[in-house]
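Coordinate analysis (summary)
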Protein chains: 2
Amino acid sequence: MRMTEVDGPVTGDAGRAAAAGAVLLAGDDLWSDLPPTARAIVVAAIDSFADRGFHATTLRHIAAGSGLSTAALYVHFRSKDDVLFEVSRRGHARALGLVRAAAAGEPAGHAFRTLVYAFSRWHAEQRTVARVVQYEFAALGPEHREQVTVLRRATERIVREVVAEVFGGVDPERPDVRGVATAVLSLGVDVARWFTPSGPYTPDGIGRLYCELAERMLVPARV
Amino acid sequence: MRMTEVDGPVTGDAGRAAAAGAVLLAGDDLWSDLPPTARAIVVAAIDSFADRGFHATTLRHIAAGSGLSTAALYVHFRSKDDVLFEVSRRGHARALGLVRAAAAGEPAGHAFRTLVYAFSRWHAEQRTVARVVQYEFAALGPEHREQVTVLRRATERIVREVVAEVFGGVDPERPDVRGVATAVLSLGVDVARWFTPSGPYTPDGIGRLYCELAERMLVPARV
DNA sequence: GTCTATATGACGATAGAC
DNA sequence: GTCTATCGTCATATAGAC
């Protein structure tokens, strides 16, 4: 099964957002440019980071998962911290890319729905990477954390701008705009915590649900 | 400043929910029955678990935070894991208690708003405990995790039942009911990840915001 | 580029004096 | 109940053979 198919009908606002979001998520392989061994290491690391967390993951876990000895890991990465940074950086860049691409749509309402759909669905579909991105942020070293923070802030700003546009081009820092932006980001992020493919939801289903719920939040506050 | 005061007006649905929720949150000290030393250990452990995570926390951190040697910790707890369980168990029980108390309100719409308000606000106000509860769940040993899972499931069930009641006494397992229940729990839980007292929100403000946004989600799906 | 073997240090937990 | 001292283990990272 291709992960980027849309399960339900594409009619209606949510359906159109689902179709547009599915396009943005197509061919999601963050590691295709890495040499095979480095790629195997990263994949094994993500699995263990997502399962156990960065600090509970040992080099022996990563080595076993990638079929190497712990010593061989150092040929491809300078430290365990560097592996985390590579995963976190690319994951954050991907999330930002999704949000940015969705925000480019027209009209603003469609951009908003596509953004919520794609962001939520990505956190379900790529939940192992997303867990590392969202929950191992604090495990990054100070300078790595700073670099990643730039990507996080950019993502948040775009979401606020899209919401502000939906509200008719108001100030993106207005409290009601910030409130909706915080909520939709929060809903999407938390998917990585609770989602499991064996549960009642599909990634597409989550995307559609949150797309629908988020749209209902779009009532400007009486300011 | 007392943490249980309500910042804004208590008129309107959200204001009444805020007032009712503030009562449920009053006097929130989970450790008042512990002997002073055990209490100091737990408090130091929570701070470190919330900051660094369970696995990155060493006994030396906890010892330093509580003004003891590592050896003295063993007089009060059998292991590091036991400290985590104590924190997690009480925290989960508190969250369940809040949700249960809110759910007892009438009418269902008021119960729902109070629940969302209290749950979100608790995750902001008690964000260190809440982080341990929500993000160190996987670090618990198998049998401890099982005990805590019972509390988590009970919390989820109550939220679904309240939403089902708001929808007119429908089946709590109906997808649209589950969807709203998942979303409001998710919004509340994620507050513990991003909230900081130095940010633009107060715990009361978060509670009110999510109370408002959650209410807007309450449109039964066309089933 | 991969391996085995190992250096160095920190970990959780314990022993035994006070 | 607290301490200092330490045990046994496993962590990250390196050395050097192939």
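Residues numbered from 1 in each chain as written. Chains lettered and ligands numbered in written order. Predicted model: local features only at pLDDT ≥ 70, side-chain atom pairs only at ≥ 80, totals over all residues. Heavy atoms only, no water.

What about the protein's contact with DNA strand C?
As a reminder of what qualifies: Only a single heavy atom is needed: when it lies within 4 Å of a molecule or strand, its residue is near that molecule or strand. Polar contacts, as counted here, are pairs of nitrogen or oxygen atoms within 3.5 Å of one another; within protein the pair requires one atom able to donate a hydrogen and one able to accept it, and residues that are adjacent in sequence qualify only if both atoms are side-chain atoms. Working definition: helices are DSSP H or I runs of at least four residues, strands are E runs of at least two. Numbering for both runs from the N terminus.
The environment of DNA strand C is formed by 17 residues, the closest being Ser69, Val75 and His76 of chain A together with Leu59 and Tyr74 of chain B. Of what DNA strand C places within 4 Å of the protein, 61% of the atoms are sugar or phosphate. In this structure, Thr57 of chain B approaches DNA strand C through a main-chain N or O atom, which is 3.2 Å from a phosphate oxygen. In the environment of DNA strand C, a base nitrogen lies 3.4 Å from a nitrogen or oxygen atom belonging to the side chain of Arg60 of chain B. If you tally residues by element for the surface near DNA strand C, the top one is helix α4 (residues 70-76) of chain A, at four residues.

Some words on unusual backbone geometry
Glycine aside, negative phi is the norm for most residues, and most peptide bonds take the trans geometry. The omega angle of the peptide bond from Glu106 of chain A to Pro107 of chain A is -10 degrees, so this bond is cis rather than trans. With respect to the helices, strands and loops of the structure, Pro107 of chain A is situated in the loop between α5 (80-103) and α6 (108-125).

Observations concerning the UniProt feature "DNA-binding region" (unreviewed entry) in chain A
This is how it is decided: UniProt positions are given in the numbering used here, feature names are shortened, and annotations may be inferred rather than shown by experiment.
In this structure's numbering, the residues bearing the UniProt feature "DNA-binding region" (unreviewed entry) are residues 58-77 of chain A. The span residues 58-77 of chain A is 75% helix and 0% strand, and its two end C-alpha atoms sit 14 Å from each other.

A word on the relation of the copies chain A and chain B
How we decide: Copies overlap after least-squares fitting; the atoms used are the C-alpha atoms of residues with pLDDT of at least 70 in both. By definition, residues are in contact when any of their heavy atoms lie within 4.5 Å.
Superposing chain A onto chain B takes a rotation of 180 degrees plus a shift of 0.0 Å along the axis, which leaves an RMSD of 0.0 Å. The transformation just described matches what one would write down for a two-fold rotation axis. With an isologous cut-off of 70% or more, the 100% of interface residues of chain A that recur at the interface of chain B puts this contact in the isologous class.

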